[in-house]
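# Inside the fold
In case you want the letters, here they are:
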Amino acid sequence: MTVQDLSQLVAVAPEPLNANDLPDPTFNAHSPHSHNDPWLRKIIRVLVPIQKYSSMGFASFLGLHVTSVAIIPGLGAPLPESQQIFEMGRALYQWAPVEKFIFISLGIHVVSGISLRIARTVLGTRRKKRNSFEPIKSPEDDDIGLGGITSLLGLGYRRSWISTQFPGLSPLSFSGYVLMPLLAYHYYKFRLRPLQVDGDSSLVNLHYVAYVLKGSVWGHIGNWVNTLSLAGLVWVTMYHWVSGVMRYQRWFSARSRWWGYVVINSVTALAMVSITRLRMLKLDTDYVGRHFMAYVQ
């Protein structure tokens, strides 16, 4: 290299590395998987944007659905007006092409996420179990999640209990796995069960929620299970959605995490208000009421 070549060199801005993409220091380069590393890294580079953008379809549905069934009733809007908004939203996301798009995007998001975890595990980029008191220097570490009190106060970061007990599993990923059975149960109660009984779910409205919360065939225990599962669904969904958005947008500051918790808990609180209002509705025995009772049996 000549002096003239050296004079043409220019400084470039440093790019931060994500700690989770760094290989495990204990990884053996001569292991049986080492010859597959280039392919695995290519697969990971392809899967990351797929998982990121496939979430947008379900996120759009989520925003519309949560607004109509949790936020608006939770803010005290009259139930007839809330019902109208719910029906307008339902007409959109239960339109066959839109519903298929939501399911396809959700399926791609789940499959790509699981595939990413498998690829990273094989590649060796997932960390071994570490002490929960081991200091974390980077706010971008997945093991932090949204952080606890110390991180919110700007006093440093600690590894979440989930990442300590389940090495390589971040709170964001864990919330996704917890969300899957909650979503499946919710879909069964509010979509599949009416289809099984009537071949159609057009009767389902906000009043039907009262039957789910108060008319379980298992009595009071079933009613409380349905209530807690619905509240848990809202909280876990909001945690997964907010955490994912913050990671994709690289919002890692203590202030961003604080606002993340504000959004999660505010929506959950509104959902609890909505659930409480719907639990107070009377269970009718008219034509629609009898169908609702058949749905919850």
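Residue numbers here run from 1 along each chain, matching the order of that chain's written sequence. Residue-level local features of this predicted model are given only where pLDDT is at least 70; pairs of side-chain atoms are given and counted only at 80 or more, and the full residue set underlies all totals for whole chains, interfaces and linings. Side-chain numbers come from the whole structure's heavy atoms, not from hydrogens or water.

Under the annotation held in an unreviewed UniProt entry, the protein chain carries the name Mitochondrial adapter protein MCP1 transmembrane domain-containing protein and is attributed to Meyerozyma guilliermondii.

## Looking at empty space enclosed by the protein
How we decide: Residues are said to line a cavity or pocket when one of their atoms sits within 4 Å of a point; the points come from a 1 Å grid over protein atoms alone, cavities being sets where a 1.4 Å probe fits but cannot get out and pockets being open sets with protein on both sides within 12 Å along at least five of seven lines. Grid points are joined across faces, edges and corners, and a volume is the space filled by probe spheres set on the points. Helix and strand labels come from DSSP, where a helix needs a run of H or I of at least four residues and a strand needs a run of E of at least two; each type is numbered from the N terminus.
Within the structure shown, the criterion is met by 2 cavities of 30 Å³ or more. If you go around the second largest cavity, the residues you meet are Leu182, Tyr185, His186, Lys189, Phe190, Val212, Asn226, Ser229 and Leu230. No other element matches helix H7 (residues 171-198), which puts 5 residues into the lining of the second largest cavity.

## Considering the pattern of salt bridges
Stated formally: Criterion for a salt bridge: a side-chain nitrogen of Lys or Arg within 4 Å of a carboxyl oxygen of Asp or Glu. Any residue under 20% of the maximum accessible area for its type is buried, any over 50% is exposed, and the rest in between are partly exposed; the area is computed with a 1.4 Å probe on protein chains only.
Tallied over the full model, the rule gives 1 salt bridge. Residue Arg191 is joined to Glu99 by a salt bridge in which the shortest nitrogen-to-oxygen separation is 3.0 Å. With Arg191 in helix H7 and Glu99 in helix H4 (residues 96-123), this pair connects stretches of sequence that are 92 residues apart. We note that Arg191, like Glu99, is buried.

## A closer look at the environment of Arg117
Its place among the elements puts Arg117 in helix H4. Residue classification places Arg117 among the partly exposed positions, given a relative accessible area of 26%.

## Some remarks on the packing of aromatic side chains
Quick note on the threshold: For this analysis, a ring pair means two rings from Phe, Tyr or Trp (six-membered ring only for Trp) whose centres lie within 6.5 Å, classed as stacked if their planes differ by under 30 degrees, edge-to-face if by over 60, and tilted for the remaining angles. Lysine NZ or arginine CZ positioned within 6 Å of the ring centre and within 35 degrees of the ring normal marks a charge as sitting over the ring.
In this structure the tally under the stated criterion is 10 aromatic pairs. Judged by centre distance (5.6 Å) and plane angle (80°), the rings of Tyr208 and Tyr295 are edge-to-face. Taken together, the residues Tyr208 in helix H8 (residues 206-214) and Tyr295 in helix H11 (residues 287-296) connect sequence positions 87 residues apart. The exposure class of Tyr295 is buried, given its relative accessible area of 1%. Every member of this aromatic cluster is reached through a ring pair, and the members are Phe190, Tyr208, Tyr211, Phe292 and Tyr295. Here Lys42 stacks its cationic end above the ring of Trp39, 5.0 Å away from the centre of that ring. The ring of Trp224 is capped by Arg279, whose NZ or CZ atom sits 5.1 Å from the centre of that ring.

## Some thoughts on the UniProt feature "transmembrane region" (unreviewed entry) in the protein chain
The cut-off we apply is this: UniProt positions are given in the numbering used here, feature names are shortened, and annotations may be inferred rather than shown by experiment.
Per the UniProt annotation, the sites labelled "transmembrane region" (unreviewed entry) are residues 58-80, 100-119, 168-188, 224-246 and 258-278. What you have in residues 100-119 is 100% helix and 0% strand, and the ends, taken at the C-alpha atoms, are 28 Å apart. Secondary structure across residues 168-188 divides into 86% helix and 0% strand, with the first and last C-alpha atoms of the span separated by 31 Å.

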